[in-house]
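# Observations on chain architecture
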Amino acid sequence: MTARLLLALVLSFFGLAASAASDNTSLLADRVEIVADKTIVASGNVEILYQDYRLRAPLLIYDSEAETLTIEGPITLQQGDRITVLADSAELDRAMANGIMRSARLVLDQQLQIAATEIHRVDGRYSQLYQAVASSCQVCADNPVPLWQIRAQRVIHDQETRQLYFHNAQFRVLDVPIMYLPRLRMPDPSVDRYTGFLVPEIVDSGRIGTGMKIPYFIALGDHADITLTPFVTTDARTMEARYRQAFSFGSVEFNSAISNDNLEDGLRGYIFGDGRFQLPLDYVLRFNIQQTSDSSYLLDYDYSGKDRLENRIELSRARRETYSEAGITTFETLRGSELLVEDQLPNIQGNILYIRRFQPASIGGQGNWQLSLDTHKRQSDIDVIGLDLGRLGAQADWSRSAVFANGMLGKIGGRISGDFYHVKQDSSYDPYLSHVAPAIEAELRWPFLRTGPDGGSQVLEPVVYLVWSDLYGDAVPNEDSTLVEFDEGNLYAMSRFPGRDRYETGLRATTGLTWTHYAPSGWSWAVTAGHVYRATDPDQFSNASGLAGQSSDWLLGTQVKLDDRLSVDARMLLDEGFDFAKSEARIAWNTARLDLFSSYSRIIADPEENRPDINSQIQFNGSYDISRNWVADFDLRYDVTAQEATRAALGVVYRNECVNVDLSLSRRFTSSSNVVPTTSVGLSIGLNGFGADG
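Residues numbered from 1 in each chain as written. Predicted model: local features only at pLDDT ≥ 70, side-chain atom pairs only at ≥ 80, totals over all residues. Heavy atoms only, no water.

### So, the nonpolar core
Leu55, Ile71, Met96, Met101, Trp148, Phe166 and Phe690 are the most contacted members of the largest nonpolar core, which has 48 residues in total. Grouped together as the second largest cluster of nonpolar side chains are 13 residues, Val203, Ala257, Tyr303 and Leu309 included. (Core = buried A, V, L, I, M, F, W, Y, C linked by side-chain atoms within 4.5 Å. Buried < 20%, exposed > 50% of the residue type's maximum accessible area, 1.4 Å probe, protein only.)

### Re the pattern of salt bridges
Summed over the entire model, instances satisfying the criterion amount to 44 salt bridges. Of the charged contacts, one joins Asp188 and Arg82 as a salt bridge, the two residues approaching to 2.7 Å between their closest N and O atoms. In this pair, Asp188 sits in the loop between β12 (176-187) and β13 (196-197) while Arg82 sits in the loop between β5 (68-79) and β6 (83-93), placing the two residues 106 residues apart along the sequence. For Arg82, a relative accessible area of 23% translates into the label partly exposed. We note a salt bridge from Asp300 to Arg268, for which the minimum N-O separation is 2.9 Å. Of the two residues, Asp300 sits in helix α3 (residues 297-300) while Arg268 sits in strand β20 (residues 268-278), which places them 32 residues apart along the sequence. Of the residues examined, Asp300 reaches a relative accessible area of 3% and is grouped as buried. Look at Arg268 and you get buried, because its relative accessible area is 2%. (Salt bridge = Lys/Arg side-chain N within 4 Å of Asp/Glu carboxyl O. Helix = DSSP H or I, 4+ residues; strand = E, 2+ residues; numbered from the N terminus.)

### Thoughts on the state of the cysteines
Counted by the stated rule, this structure contains one disulfide. Each sulfur of the disulfide joining Cys137 and Cys658 lies 2.2 Å from the other. Taking the sign of the S-S torsion, 85 degrees for the link of Cys137 and Cys658, the bridge is right-handed. Of the two residues, Cys137 is situated in the loop between β9 (126-135) and β10 (148-158) and Cys658 in the loop between β40 (644-655) and β41 (659-668); the sequence distance between them amounts to 521 residues. By relative accessible area, which is 4% here, Cys137 ends up buried. Overall, the relative accessible area of 1% leaves Cys658 in the buried class. (Disulfide = S-S within 2.5 Å.)

In structure tokens:
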């Protein structure tokens with residue numbers, strides 16, 4: 001006779017079959033006996049399945065009159081996949097919702113364990129543990145003392161709110177008492193968000209002294225929260241705040257702080273915020289707010305490295321054939337070199353843009369037309385240096401590509417742009433100006449493919465690109481095209497100016513060659529070379545751009561990719577005398593334990609780009625898994641021209657099953673009229689097992 005059939009007979013004998021069926025109860029055991037017509041004794045691998053409970057024990061005695069279970073251990077009681085109780089013996093009611101478990105251990109989410117002399121279960125919701133010890137550290141014969149533990153006279157676990165309440169608690173490290181707390185509430189490991197304190201952080205800064213951050217998280221429902229962080233140091237008193245809220249159609253986040261310190265008179269502070277909302281008809285509304293009380297506050301407190309602040313609100317819509325955008329932006333500089341002339345810099349800018357794509361059936365190909373409106377204003381009312389400008393522009397372009405029988409790829413196209421300007425507060429220009437810029441292009445590519453005997457392939461692609469363009473109309477102020485880059489991205493472009501105030505003019509030819517090797521093992525190597533020849537020198541570009549003169553510098557670029565481990569990206573501008581105008585390189589190396597990144601950049605001095613000296617910098621950063629528990633990361637930025645470091649940072653993180661320790665050290669070496677060199681040290685310690693993040 002099977003145990004399940006025997007259980008049905010036993011329950012029927014006691015008149016409990018209907019109850020068992022409604023509770024969906026199952027009993028498995030090697031042996032089941034009926035004693036004195038009132039008691040069921042199950043022994044040998046006893047297992048009870050009841051709702052989400054699963055109880056295993058060697059011996060179980062059920063008193064039908066009292067409806068109680070007397071269980072001899074070792075006992076394992078599981079409730080779902082979150083809660084496990086281990087005990088030597090227990091007395092529970094039939095629903096296992098009330099009772100006492102002796103010499104017990106409560107394990108939550110296989111992370112936090114609480115050992116106690118007794119566990120009292122109340123209404124299936126509360127577990128009261130007496131003379132309890134809580135820890136998430138592994139304890140074994142070789143390591144009998146946990147790294148940390150919380151001892152308490154009583155611990156209450158509320159399964160509904162998923163909170164732990166400690167009474168007369170004592171926090172110990174390596175069994176040494178560190179702190180006594182009469183009352184302590186902590187979230188259990190399953191909690192993602194709940195009102196309470198977060199992991200504190202100790203900070204030592206050369207600017208604001210030594211102190212501590214103690215964040216307090218306030219949950220405002222499931223979709224909003226506030227985090228308040230008192231930050232007290234020897235030289236400053238600060239309150240930080242973060243507000244987040246998610247909507248069905250978007251989200252917002254604000255970060256702010258207000259401080260009273262010994263560095264400046266009065267209160268100091270900042271607020272950064274951003275949001276995104278999905279509106280009807282596919283429109284998207286975005287905004288960002290960046291404000292600070294003074295130019296050095298963000299760096300003094302290490303909130304941000306920004307040296308220019310932007311506040312913007314923007315409405316945009318992207319569809320298959322159209323794109324539209326309208327926005328307003330305000331700017332504020334924090335750079336020491338610009339603060340004295342801040343009123344001479346544009347501080348407010350507005351723009352409207354509409355683009356539509358079309359495919360003309362009569363001539364084929366694809367085209368775009370667009371309308372744009374840009375305007376900006378300076379605070380200064382002085383002539384020339386207080387220039388205010390507005391521009392209304394229209395542009396249309398078209399191109400068509402073809403593949404010839406011999407494998408050549410050809411493209412022809414054209415573009416016409418027109419701009420109307422309104423100039424204020426600059427007597428060197430008429431108040432109303434306009435110009436028109438037509439351009440035509442033709443491109444021919446001829447890719448050659450070769451496959452080697454090892455399965456690798458090589459692609460060689462020469463390119464010839466011809467452009468004619470001109471500019472008719474008035475000379476206008478150059479506000480949006482002062483800095484020009486020459487790289488692989490615009491090697492074959494009608495105009496390399498980034499804005500609409502300047503257009504590249506004249507007849508010119510660009511020749512380029514790209515060679516790419518694809519290895520069967522997965523790595524690849526690509527090399528690109530390009531050069532621009534002009535019929536006449538338009539005298540439009542600076543020396544540092546690499547485009548000055550009738551013949552440009554040689555653009556050389558290379559890319560190497562080795563699986564997901566190595567990535568190299570380098571480019572340079574080389575003149576006829578084999579001198580470098582610009583050069584930059586980026587190298588990334590990733591393995592299972594090591595991540596490294598390095599970059600180098602160098603650009604020559606050029607007064608036209610407001611750069612009186614050579615600028616050359618090197619950056620190194622990365623992380624290394626020292627062992628299973630230790631991770632180190634570093635960041636170094638070095639100014640080659642000045643031959644001094646600008647920033648250095650080192651961090652060490654220790655993680656195991658019960659604790660996270662994060663130690664960081666950083667030094668900013670640069671100084672200016674509003675910034676001084678600063679050293680900062682940070683330390684945070686998180687106890688795993690309390691909440692999702694410890």
